[in-house]
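The primary structure of each chain is shown beneath.
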Amino acid sequence: GSTLKALELVTGCFILVQGNTVSIMGQSHQGLKQARQVVIDCMNNVHPVYHIKRLMIMKELQKDEKLKNEDWERFLPKFAKKNVQRKKVAKKEKKAYTPFPPAQTPRKVDLQLDTGEYFATEDERKEQKLRAKQSKAKQTSKEKRKQRELQDETAPAPKRSK
């Protein structure tokens, strides 16, 4: 919208954008060349605002009689290209095609039937869970006790101060 309008005013050309096609009509050859360069750079991922700013400054410098025949590089903006690192997308390895679907995972009820837990009463199930929990707690406490003993052996004796 506004960028296109500004470009038309600066170059003195009429610009029509239709999808991936751009058509430019104008009276001056210089304006057509400028508009063409902006469009090509735009396709190469350079924002047209940079060109518009540059063209506006050049238009003002053309009006000034003193600076008409001088080098304008000192007045024109210099835009440094920023090389932004993009994240590399990890390529997923394709698995070998198998026409057969994977084996169905067993349901909770199936697992209970296999262990015989399904036919146990509610009290027996609770008791079994409690026993499993206690055995796991004993195992972790043994491991922690061993770690503490190892730390006591490797740690230097504390210094006493009076």
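Throughout what follows, the structure given in this document is the object of discussion. Just so we're clear, the structure is a prediction, and the values are computed from it rather than from any experiment.

1. Some details on the pairing of strand β1 (residues 13-18)
In step 1: Examined bridge by bridge, β1 and strand β2 (residues 21-26) share six bridges and lie antiparallel to one another. Across the sheet, residue Gln 18 finds its bridge partner in β2, namely Thr 21.

2. A closer look at the state of the cysteines
In step 1: Within the structure shown, the criterion is met by zero disulfides.
In step 2: Between Cys 13, a free cysteine, and Cys 42, which holds the nearest cysteine sulfur, the sulfur-to-sulfur gap is 16 Å.

3. A closer look at unusual backbone geometry
In step 1: At Asn 45, a residue that is not glycine, the phi angle is positive and equals roughly 70°.
In step 2: By the secondary structure assignment, Asn 45 is in the loop between α2 (29-43) and α3 (48-63).
In step 3: Classification of Asn 45 as exposed rests on a relative accessible area of 66%.

4. Side note on the pattern of salt bridges
In step 1: Per the stated rule, a full pass over the model turns up six salt bridges.
In step 2: A salt bridge links Glu 8 to Lys 5; its shortest N-O distance comes to 3.6 Å. Residue Glu 8 and its partner Lys 5 are both found in helix α1 (residues 2-11); the two are separated by three residues, about one turn of the helix.
In step 3: The salt bridge involving Glu 122 is made with Arg 125; its shortest N-O contact spans 3.2 Å.

5. Overview of the packing of α2 against α3
In step 1: Contact geometry of α2 with α3 gives a least axis separation of 9 Å together with a crossing angle of 160°. The angle between α2 and α3 places the two elements in the roughly antiparallel class. Every pair of crossing elements has a handedness; the one defined by α2 and α3 is right-handed. Of the residues in α3, those in contact with Gln 30, Gln 34, Val 38, Asp 41 and Cys 42 of α2 are Pro 48, His 51, Leu 55 and Gln 62.
In step 2: Within the contact of α2 with α3, the residues separate by chemical class into four nonpolar, four polar and one charged.

6. Some remarks on the packing of aromatic side chains
In step 1: Considering all chains together, one arrives at one aromatic pair under this definition.
In step 2: Pairing Tyr 118 with Phe 119 gives two aromatic rings, centres 5.5 Å apart and planes at 85°, and the pair type is edge-to-face.
In step 3: On the basis of relative accessibility, which here comes to 40%, the residue Tyr 118 falls in the partly exposed class.
In step 4: The exposed category is assigned to Phe 119, whose relative accessible area is 65%.

7. Brief notes about the environment of Lys 82
In step 1: Assignment of secondary structure puts Lys 82 in the loop between α3 and α4 (108-115).
In step 2: Given the relative accessible area of 74%, Lys 82 is considered exposed.
In step 3: For the pair Lys 82 and Cys 13, spaced 69 residues apart in sequence, the C-alpha to C-alpha distance is 31 Å.

8. Let's talk about the side chain of His 51
In step 1: Positionally, His 51 belongs in helix α3.
In step 2: Since its relative accessible area comes to 16%, His 51 is described here as buried.
In step 3: For His 51, the residues in contact, after removing those within four places along its chain, are Val 38, Asp 41 and Val 46.

Rules used in this analysis
The residue count restarts for each chain, going from 1 along the sequence in the order it is written. In keeping with the model being predicted, local features are shown solely for residues with a pLDDT of at least 70 and side-chain atom pairs are shown and tallied solely at 80 or more, while totals for entire chains, interfaces and linings include all residues. For side-chain calculations, the full set of non-hydrogen atoms in the structure is used, while hydrogens and water are omitted. Any two strands between which DSSP finds at least two bridges are classified as paired. Each helix is a run of DSSP H or I of at least 4 residues and each strand a run of E of at least 2, with the numbering of both proceeding from the N terminus. The disulfide criterion is simple: two cysteine sulfur atoms within 2.5 Å. Whether a residue is buried, partly exposed or exposed follows from its accessible area with a 1.4 Å probe, protein chains only, as a fraction of its type maximum: under 20%, in between, or over 50%, in that order. The term salt bridge refers to a pairing of a side-chain nitrogen on Lys or Arg with a carboxyl oxygen on Asp or Glu at a separation within 4 Å. Think of each axis as a best-fit line through the C-alpha atoms, taken over the contacting stretch in the case of a helix, with angles from 0 to 180 degrees between the N-to-C directions. An angle counts as roughly parallel when it lies under 35 degrees, as roughly antiparallel when it exceeds 145, as roughly perpendicular when it falls between 65 and 115, and as oblique in every other case. Crossings are sorted by hand: turned counterclockwise from the far helix by less than a right angle, the near helix makes the crossing left-handed, and turned clockwise it makes it right-handed. A contact between two residues is defined here by any heavy atoms of the two lying within 4.5 Å. Residue polarity follows a fixed list, in which Ala, Val, Leu, Ile, Met, Phe, Trp, Tyr, Cys and Pro are nonpolar, Asp, Glu, Lys and Arg are charged, and the others, Gly among them, are polar. Working definition: rings of Phe, Tyr and Trp (its six-membered ring) pair if their centres are within 6.5 Å, and the pair is stacked with planes under 30 degrees apart, edge-to-face with planes over 60 apart, and tilted otherwise.

Bear in mind that shape data such as this cannot, by itself, settle questions of function.
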